[in-house]
There are 2 protein chains.
Amino acid sequence: MQTVTVQQIFRATEKYLNQNLEISGWIRTIRTSKAFGFIEINDGSFFENIQVVFEESLDNFPEIGKLTISSALRIRGTLVPSPGAKQPFELKAEQIEILSVAAADYPLQKKRHTFEYLRTIAHLRPRTNTFAAVFRVRSVIAYAIHKFFQEKGFVYVHTPIITGSDAEGAGEMFRVTALDLGNLPKTESGAVNFAEDFFGKETSLTVSGQLNVETYCMAFRNVYTFGPTFRAENSNTARHAAEFWMIEPEIAFAQLADNMNLAEEMMKYIIQYALDHAPEEMAFFNNFVDKTLFERLENILNSEFGHITYTEAVELLEKENAHFDYPVHWGTDLQTEHERFLTEKIFKKPVFVSDYPKGIKAFYMRLNDDNKTVAAMDLLVPGVGEIIGGSQREERFDVLCQRMEELGLKEEDYSWYLDLRKYGGVKHAGYGLGFERVIMYLTGMTNIRDVIAFPRTANSCEF
Amino acid sequence: MQTVTVQQIFRATEKYLNQNLEISGWIRTIRTSKAFGFIEINDGSFFENIQVVFEESLDNFPEIGKLTISSALRIRGTLVPSPGAKQPFELKAEQIEILSVAAADYPLQKKRHTFEYLRTIAHLRPRTNTFAAVFRVRSVIAYAIHKFFQEKGFVYVHTPIITGSDAEGAGEMFRVTALDLGNLPKTESGAVNFAEDFFGKETSLTVSGQLNVETYCMAFRNVYTFGPTFRAENSNTARHAAEFWMIEPEIAFAQLADNMNLAEEMMKYIIQYALDHAPEEMAFFNNFVDKTLFERLENILNSEFGHITYTEAVELLEKENAHFDYPVHWGTDLQTEHERFLTEKIFKKPVFVSDYPKGIKAFYMRLNDDNKTVAAMDLLVPGVGEIIGGSQREERFDVLCQRMEELGLKEEDYSWYLDLRKYGGVKHAGYGLGFERVIMYLTGMTNIRDVIAFPRTANSCEF
């Protein structure tokens, strides 16, 4: 008698055929007749269920027949061939032990449920096919990202979650405090006295690890972060969450072209990894969630990503301004409709747009020689638009100080960031990848709430 | 001409010997005479520096001689054997391009600095040997943990950072809010009106992902979290930080013994992985930070961890009560002095202590048949004491409800947690591993502030 998982049985069927095996798992479906019955068991280790056949010769045949969905069983039996069936094998039960009987009001009965409903039972939804597939793929891709960077010698840096600077400046931040909000200490002038707070100052949740990770880039050359980031933006869309995970690589002795090469290589790596390591889940998405998925991913794997400058892109887009809700002109930011037109209609594949006007980009991006644009890049992909945003960083102390002055940023708030330019600064570049956006792109799921285990959005922080 | 990293040169010296190579990196030391000079270059890819020799035949020989520490260079030259030297090779420069000149007040000159001082320049300290070693090992171990669990088929779950429940109950929590603290909205009764906050309710930073990850354990069987957790505890010790990372595996169809086996296997795996994948760094720690390190780690690798129940442990410890600051009696929690006595004096190796009195453990731990103890386990290791804490979870709906009632916990606050017991609950277990504690243990570093890139502690939230 060997204790095995369903995954082991599916992955090495030959080895286990005609063997005496023990499995444990949960009932997904059960049908019985007078003399025998079938149970589909999912044991959590594998996307597919295994079929168990049991006969009236079992002592507890009558009790088994009454079992509810999601009840848990331990089954001993023989793995036998099952020619002509959906699966080429089934487990013929010799003994079935009932581990627990699920209450009859279990919400996930056989009928289909809407994603909206399933969000209200986020603690149970990973037991459905769709969410079992989403969250296993999420795990597989998270690992693929680590593997990609680690095998290239990148150092993983845990940049801080609680930050004392609002220098990061991207969007609204959540405050973090240990003060009693019902009884806040005040200064003489009546303001909140943050000197009495846990950190002795005002603190917030990070919106990006980039500035912090640049310090490690100047020590380790190639580094990356992978951690949670936060936005207190009240945008109730299918693509925004208040809490999400981000990957931010940063590479030294490197310029914008190196950055784009890294992003392209990474995207292809993780797509291939997901196809190789979660084949059943990816096939499920292609069959039931987005029938164009494989075509779309194959297109990425097999194309060299396009390259176009912002200025060139605007020239092309301006000709189509009649079709856009927001007409494009040099100096305006690209909207999703423009991004999708570029990648879907013009390039028909992923495309990097580079060298944006400095006026619409952050202070730390490297000023180009034209004095008008910065060495920024966005990766646009069909079906989504922007999936990666990055830049070469301004490594020249004087130029950076001047850009900060133009934007009204104070040098003293960025002294440590400026130190990186004073003490051996070199050309470096990096980008940010929203992890949930990647999961959505690789699964075809269209709402960010359905790729986060317990999503946090405006007015929703359940479980 | 081949562009290479110093890591490539050290790891495949034969391949590069007598080749024309290009490297880029930062000056760690420089010495010159009239006719030639030596530079030790660190390029971030590798712990060791490479020695570069340059001669007066170079155009810019005079400028090079004046360069400051941390200035950045691009060097082209030939890798030549260097018999008898510390390293068996050196790079004979044919061209040296000065990429940037570090300001002369660079704080990391050759002299030794205290760890306390280096904490004040946390953005520069990864450029020192000690912190380069710490943070590369931190990265390597983070990856080893993912690799260990992923190769066993565990699903990585991102449990939420912002939580709406304070059900987790371990220690003081930080509040998260998007309200204007200077102008808080009030209810009619004068309390803070959290209905107007971002999430429509009071929210905090998580102290543990365990309750959330148990929901995924009941779907995927074997799961783990690896993410930041927070404590607003004002304890100014060398072992506590307000923000730290935690790993929490959870396994289904499993009991306390399976949990201990997993913990033992994991500890051995990550130690071996660090020794194999960061040999230079680990040797540095053994030579310069903790001379007993290798002996201690070898002892773990080569021993079967001990097992003792709390009750048996207390019997042994009571005999030694005269030596302890806090005498032990059945029912009291073990202090670090007792834990260290057990693992260092009695077992002389890592030991699991199991089956603690229910009165000193959490509500979710499985009640033993004696009705007095719960199926909890702590792993104690020499030099530290507790490094892992875990338990089998109470899977019996009625018993769990009764425990909650005893402790005054309300069922409605835990309805989703109780659902896991109603709908196919099975025996399951898990543990928590403080990531920084592991790094400290594997490096010999004694202050948690020195194993976190930008530590957050009471009154300190810099960078």
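Described below are features of the structure shown in this document.

1. Notes on the overall build of chain A
Phase 1 of the analysis: Along its length, chain A carries 14 helices and 17 strands.
Phase 2 of the analysis: For chain A, the spread of C-alpha atoms along the three principal axes comes to 85 × 60 × 45 Å.
Phase 3 of the analysis: Here chain A holds 463 residues, and 61% of them are scored as buried.
Phase 4 of the analysis: Residue pairs at least 24 apart in sequence account for 66% of intrachain contacts in chain A once pairs closer than 6 positions are excluded.
Phase 5 of the analysis: On chain A, roughly 18300 Å² of surface is accessible, and the fraction owed to carbon and sulfur atoms is 47%.

2. Points about the pairing of strand E14 (residues 351-357) of chain B
All names here are of chain B.
Phase 1 of the analysis: Summarising burial for E14: seven of the seven residues are buried, a large majority.
Phase 2 of the analysis: Bridge count for strand E13 (residues 306-309) against E14 is four bridges, and the pairing is parallel. Note on E14: the bridge partner recorded for Ile 308 is Val 353.
Phase 3 of the analysis: In the sheet, E14 pairs with strand E15 (residues 373-381) via six bridges, with the strands oriented antiparallel. Looking at the pairing, Ser 354 lines up with Met 377 of E15.

3. Focus: the sheet that holds strand E7 (residues 155-156) of chain B
Residue and element names in this part refer to chain B.
Phase 1 of the analysis: If you walk across this open sheet you meet the eight strands as E7-E11-E12-E17-E16-E15-E14-E13, and the pairing is mixed. With partners counted over all chains shown, the strands left at the sheet margins are E7 and E13, one partner each.
Phase 2 of the analysis: Packed on one face of the sheet, helix H6 (residues 210-220) meets E7, strand E11 (222-230), strand E12 (243-252) and strand E17 (428-434) and runs near 30° to E12.

4. Some thoughts on unusual backbone geometry
All names here are of chain B.
Phase 1 of the analysis: Even without a glycine there, the phi angle at Lys 348 is positive, about 55°.
Phase 2 of the analysis: Within the secondary structure, Lys 348 sits in the loop between helix H11 (336-346) and E14.
Phase 3 of the analysis: If you check the backbone angles, Asn 371 has positive phi at about 65° while not being a glycine.
Phase 4 of the analysis: By the secondary structure assignment, Asn 371 is in the loop between E14 and E15.

5. Topic: the relation of the copies chain A and chain B
Phase 1 of the analysis: For the pair chain A and chain B, the best superposition has an RMSD of 0.0 Å and corresponds to a rotation of 180° with a translation of 0.0 Å parallel to the axis. What the superposition gives is, in effect, a two-fold axis relating one chain to the other. No C-alpha of chain A approaches the rotation axis more nearly than that of Val176(A), which lies at 2.4 Å.
Phase 2 of the analysis: Comparing interface residues between copies, 100% of those in chain A also lie at the interface in chain B; the contact surface is shared.

6. Considerations on the packing of aromatic side chains
Phase 1 of the analysis: Evaluation of the coordinates by the stated rule reveals 74 aromatic pairs over all chains.
Phase 2 of the analysis: Ring centres of Tyr310(A) and Tyr356(A) lie 5.3 Å apart, and the angle between their planes is 40°; on these two criteria the pair is classed as tilted. Of this pair, Tyr310(A) sits in helix H10 (residues 310-318) while Tyr356(A) sits in strand E14 (residues 351-357), and the two are 46 residues apart along the sequence.
Phase 3 of the analysis: For the ring pair Phe305(B) and Phe352(B), a centre distance of 6.0 Å and an interplane angle of 40° mean the geometry is tilted. Taken together, the residues span a long stretch of sequence, with Phe305(B) in the loop between helix H9 (293-302) and E13 and Phe352(B) in strand E14 at a distance of 47 residues.
Phase 4 of the analysis: Judged by its relative accessible area of 1%, Phe352(B) falls in the buried class.
Phase 5 of the analysis: Lying over the aromatic face of Trp330(A), Lys372(A) brings its terminal NZ or CZ to 5.1 Å of the ring centre.
Phase 6 of the analysis: Between Arg421(A) and the ring centre of Tyr417(A), over which it is positioned, the NZ or CZ distance is 4.1 Å.

7. Notes on the pattern of salt bridges
Residues and elements named next belong to chain A.
Phase 1 of the analysis: Considering all chains together, one arrives at 50 salt bridges over all chains under this definition.
Phase 2 of the analysis: A salt bridge links Glu 22 to Arg 76, with the nearest nitrogen and oxygen atoms 2.7 Å apart. On the criterion of sequence distance, the pair formed by Glu 22 in strand E2 (residues 20-32) and Arg 76 in strand E5 (residues 72-81) is long-range, its members being 54 residues apart.
Phase 3 of the analysis: Residue Arg 76 is classed as partly exposed on the basis of its relative accessible area, which comes to 32%.

8. Some points on the interface of chain A and chain B
Phase 1 of the analysis: On the side of chain B, 104 residues touch chain A, which itself brings 104 residues to the contact.
Phase 2 of the analysis: Summing the contributions of chain A and of chain B, the shared interface buries around 8600 Å²; its carbon and sulfur component is 64%.
Phase 3 of the analysis: Counting the surface chain A buries against chain B, the share from its top three residues, His158(A), Phe198(A) and Tyr423(A), is 10%.
Phase 4 of the analysis: Our count for the chain A to chain B interface comes out at six salt bridges.
Phase 5 of the analysis: A salt bridge links Lys201(B) to Glu462(A); the shortest N-O distance between them is 3.8 Å.
Phase 6 of the analysis: Our enumeration of links across chain A and chain B arrives at 37 residue pairs in polar contact (both at pLDDT 80 or more).
Phase 7 of the analysis: With 12 residues, the single largest contributor to the side of chain A that touches chain B is helix H5 (residues 129-151) of chain A.
Phase 8 of the analysis: Taken together, the residues that form the side of chain A that touches chain B break down as 56 nonpolar, 30 polar and 18 charged.

9. A short note on a negative patch on the surface
All names here are of chain A.
Phase 1 of the analysis: Residues Glu 405, Glu 411, Glu 412 and Asp 413 make up a contiguous surface patch of negative charge.
Phase 2 of the analysis: Among the secondary structure elements, Glu 412 is positioned in the loop between helix H12 (397-406) and helix H13 (415-422).
Phase 3 of the analysis: A relative accessible area of 59% means that Glu 412 is categorised as exposed.

10. Considerations on the sheet that holds strand E10 (residues 203-205) of chain A
Phase 1 of the analysis: The sheet built from six strands is open, its strands ordered E8(A)-E10(A)-E9(A)-E9(B)-E10(B)-E8(B) with antiparallel pairing. Single-partner strands in this sheet number two, and they are strand E8 (162-163) of chain A together with strand E8 (162-163) of chain B.
Phase 2 of the analysis: One ladder, built from two bridges, connects strand E9 (residues 175-177) of chain B with strand E10 (residues 203-205) of chain B; its direction is antiparallel. What sits directly across from Arg175(B), in E10(B), is Ser204(B).

The rules behind the values
Residues numbered from 1 in each chain as written. Chains lettered and ligands numbered in written order. Predicted model: local features only at pLDDT ≥ 70, side-chain atom pairs only at ≥ 80, totals over all residues. Heavy atoms only, no water. Helix = DSSP H or I, 4+ residues; strand = E, 2+ residues; numbered from the N terminus. Buried < 20%, exposed > 50% of the residue type's maximum accessible area, 1.4 Å probe, protein only. Contact = heavy atoms within 4.5 Å. Areas by Shrake-Rupley, 256 points an atom, 1.4 Å probe, with all protein chains shown as cover. Pairing = 2+ DSSP bridges. Axes fitted to C-alpha atoms, helices over the stretch in contact; angles between N-to-C directions. Least-squares fit on C-alpha atoms with pLDDT ≥ 70 in both. Phe/Tyr/Trp six-rings, centres within 6.5 Å; stacked < 30°, edge-to-face > 60°. Lys NZ or Arg CZ within 6 Å of the ring centre and 35° of its normal. Salt bridge = Lys/Arg side-chain N within 4 Å of Asp/Glu carboxyl O. Buried area = accessible area lost by both parts, 1.4 Å probe. Polar contact = N/O pair within 3.5 Å; in protein donor to acceptor, adjacent residues only side chain to side chain. Nonpolar A, V, L, I, M, F, W, Y, C, P; charged D, E, K, R; others polar. Patch = residues over 30% accessible without salt bridge, like charges linked within 9 Å, V, L, I, M, F, W, Y side chains within 5 Å. Lys, Arg positive; Asp, Glu negative; His and termini not counted. Charge placed at Lys NZ, Arg CZ, Asp CG, Glu CD.

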